[in-house]
Each structure stands twice: as structure tokens, then as C-alpha cells.
Amino acid sequence: MKTTRIGILGLGTVGKGVVEALGRQNTVVIDKILVREPYRYNSDLPLTTNVWEIIEDPDIDIVVEVMGGVDPAYEYLSSALHSGKSVVTANKEVVARYGPELMELARQNRQGFLFEASVGGGIPILDALTWHLRATPIHAVEGVVNGTTNFILNQMEQGMEFSAALQRAQALGLAEQNPSADVEGWDSARKLSILAGLAFSSWIHAEKEHVLGITHVKSCHLRRLHEMGFGLRLVARAQRQPSSIGFVVAPTVYPRGHRYLKLAGSQNAIGIFSEAGTTWIEGPGAGGIATASSIIADIQRIRFSIPDREPLFFEDFPAADIDDSYLIFTEDPYQPLPDIPDSLQKGAGYLVSPHALPPETGLVQYRFRIQ
Ligand code: HSE
């Protein structure tokens, strides 16, 4: 098989992981790497500051995009597909927003557009969802898909305040360049749009009322939940409902021992629920080499397949609320908490949305979904 030549857009944590991992292979050669500031890197690397040297280079077969953000990544990816290159990306923002359009563009140009690394870092979740778990319709897909918030909540349970825990996550390279995407739930929402899109062939554009991050969570709440035998994680869930698809990202309360509460550091866990049963996949959700392994899997998939497919149809679909019961807690940590219902002790529940109640009430509304 001929050597595959690639161009890489971006050389941050994931880009460096790809360079390192490809250094161990000789069937895939890195032709050029797009960076903004070449002086910051090892001069042996084939760096360029001109993206068109990659997109218009006839020798390059695959463009690997690991720069993040919509602008200019979306334009670069569209141009690469138009100029007859396959694309592999880790960019959840672009895929969540433009996935169906770019998949169709790839199909029309008889190229591949693959994005395993955009959800769950090194976990082969999109491959599993697309190919392995389709014997029966999928009811729901759910998971902890953001390592930064997982890490922060872990630290806060041990008494650290939110801002100190966030700084630590940034120092470890887990958080996005702008960490508000992590802590306000949008990173999880983008990943959930991609998961739901593949699970239900319905592309959901997340909206504010269905996305709640962890910025309002206080370590005193976490400590009190802990004393009561519970823990909290930021969970993303999409589920089929009679005439809608429920879509929510929210901090969620779980009884001690639940798999989400055992996830360490930036580990992710994702469950796929169908008549065939529930499949859980857990693994490293972020990090250079872990995410690079998903990118290399996509490169290999393109090398070994001819992307000449039937069109895929994705219907644009509005997100709907998930129907659940409510509990209202006070924001004041010294007020007694209401009893947690017995049914919750057996399952999982969602804690959603101060936005449903006016902030001046000083109340936090917790919404539980009983499994
Ligand atoms: N900021 C993301 C996270 C990186 O914390 O999970 C991986 O997508």
C-alpha cells in the first residue's frame, strides 16, 4: 500500500501527540504542519504558517485538524474537502455545528470525513455507536464526556474551591483554551450533539435552556451530598421520547459507588442504551496521546477504505426537555436538605437548572431522573 501523506493543522497538546505517535510508523508521513509561531517548536518539524501550502498541495492525501475553534477551522476543512482531501478532525465545535454538511461534502468529493477524536478523546465511542451497536434502535446515550469538570468536581469534593480546581485543570492541559466551554457545559453539549446525531440520525443544536454547567456548584454542596452518600458529576444525556429527543447537560447526583463517581482525572464514561442491552465504554477522555490514538485510527480507516458511500441523512431536530420530578434545595448550605427519595437511592438523577427559578429566590432546583 502506498505511503499516505498528511498535513496537520495545529500543534498543541493533541497535535504533538499525533506527531509523536506517527513517529513510530512509516506508512504515514507528515508533509507539513500549520502553526502560528514556528519559532516555538523543534526546527526539524516541517512547519508552515501558510495553510494553503497544505490544502493545495497535491501530494497531501489527508488533512488532520487539531487546532480547535470554528473560525477559521471550518473554512479550512471545507476547502480541504473541496480540493479532494480526506479530513480527520478532533474539533467538536465544528462537527457539532457543521457535521452533516461536512459529511455530505466529503461524500460528494469521494473523501473521508472522520471525527472519532471529537468525543471521548481516546475512547472508540463514535466507531462503536456508528457500526457496532446498531442491531436495535438506540433509546438513549449518556455519559460523563468532559474531563475538566470531572477533575474539578473531584477536587471540590476534597474541599478545594472551584477557581483553584479550575486553575489546576488548566495547568494539566485538560481545559479548553477558553475554559468557560468546559465549566458552562458547552463542551459536553457539543459532544452530546455528535453522539445524539449518530445515535438518532437527528442533529440537535444545543440551546441554553438544556445546558447547565458547574459554575453554580459550591464545594459546601458537594461536601453535604458526600455526607449523605451522594456525589455529583456533569452528565450529558440524549434520549428518544414519544415525539421528541430529550437533550440535557446538567450536574447530576449519583449514589456512592456509581460508575461516574469512580472516574478519575480526565476519564470519561459513555453508555449506549438499546433493546440489545446497555454498553458502557470508559477510558481517557482527553490528553495528547490518547486523543492521537483516535486520530490515527481514523487515518488508518481512510487508508483502508474507499469512501464511496450512500448519502447519510440527518434531520435537524429541536432539543426537548427531559420529563422528570423536581426537588428544590436552598442555596444556603446551613438549611437542612430535603429527604432524598428512596427511588433515587437506587438510581441516578439529574440536578438541573437554577435558570428555571429566578436567582433572587436563592433557591436551586434539582431535577432527578430515576433510572
Ligand atoms: N476540554 C476537554 C475535556 C478536552 O476536558 O474533556 C477533551 O475534549
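Residues numbered from 1 in each chain as written. Predicted model: local features only at pLDDT ≥ 70, side-chain atom pairs only at ≥ 80, totals over all residues. Heavy atoms only, no water.

- An unreviewed UniProt entry lists the protein under the name Homoserine dehydrogenase, with Sulfobacillus benefaciens as the source organism.
- The UniProt entry for the protein carries the following text under Catalytic activity (unreviewed entry): "L-homoserine + NADP(+) = L-aspartate 4-semialdehyde + NADPH + H(+)".
- Within the UniProt record for the protein, the comment given under Sequence similarities (unreviewed entry) is "Belongs to the homoserine dehydrogenase family." (UniProt positions renumbered as here; feature names shortened; annotations may be inferred.)

Some details on the pairing of strand β7 (residues 138-144)
Move 1: A large share of β7 lies buried, amounting to 6 of its 7 residues.
Move 2: Summarising the sheet, β7 and strand β11 (residues 267-274) pair through 6 bridges and their orientation is antiparallel. By the bridge assignment, isoleucine 138 is partnered in β11 with serine 274.
Move 3: Looking at chain direction, β7 and strand β9 (residues 230-241) are connected through 4 bridges and run antiparallel. The partner of glutamate 142 across the bridge, within β9, is arginine 237. (Buried < 20%, exposed > 50% of the residue type's maximum accessible area, 1.4 Å probe, protein only. Helix = DSSP H or I, 4+ residues; strand = E, 2+ residues; numbered from the N terminus. Pairing = 2+ DSSP bridges.)

Concerning the nonpolar core
Move 1: Core analysis: the largest hydrophobic core is formed by 72 residues, its most contacted members being Phe113, Ile125, Ile152 and Leu195.
Move 2: The leading source of residues in this core is helix α9 (residues 186-200), at 8 residues.
Move 3: Looking at this core, you find at least three residues from each of domain 1 (4-114) and domain 2 (133-283 + 317-368).
Move 4: Aside from chain neighbours lying at most four places away, what touches phenylalanine 113 is Leu77, Leu81, Val87, Thr89, Val95, Gly99, Leu102, Met103 and Ala106. (Core = buried A, V, L, I, M, F, W, Y, C linked by side-chain atoms within 4.5 Å. Domains from an automatic or database assignment. Contact = heavy atoms within 4.5 Å.)

Observations concerning the site of the ligand
Move 1: Taken together, Lys92, Asn146, Gly147, Thr148, Leu174, Glu176, Asp182, Asp187, Lys191, Gly285 and Ala286 form the complete shell of residues around the ligand.
Move 2: One nitrogen or oxygen atom from the side chain of glutamate 176 is found 2.6 Å from a nitrogen atom belonging to the ligand.
Move 3: One of the side-chain N or O atoms of lysine 191 is found 2.8 Å from an oxygen atom in the ligand.
Move 4: Secondary-structure elements contributing two or more residues to the shell around the ligand are α6 (147-157) and α9.
Move 5: Its residues assigned to classes, the shell around the ligand shows 2 nonpolar, 4 polar and 5 charged. (Near = heavy atom within 4 Å. Polar contact = N/O pair within 3.5 Å; in protein donor to acceptor, adjacent residues only side chain to side chain. Nonpolar A, V, L, I, M, F, W, Y, C, P; charged D, E, K, R; others polar.)

Quick notes on the environment of methionine 67
Move 1: Following the sequence through the fold, methionine 67 ends up in the loop between β4 (62-65) and α3 (73-82).
Move 2: On the basis of relative accessibility, which here comes to 24%, the residue methionine 67 falls in the partly exposed class.
Move 3: C-alpha of methionine 67 to C-alpha of alanine 90: the two residues are 23 residues apart in sequence and 8.3 Å apart in space.

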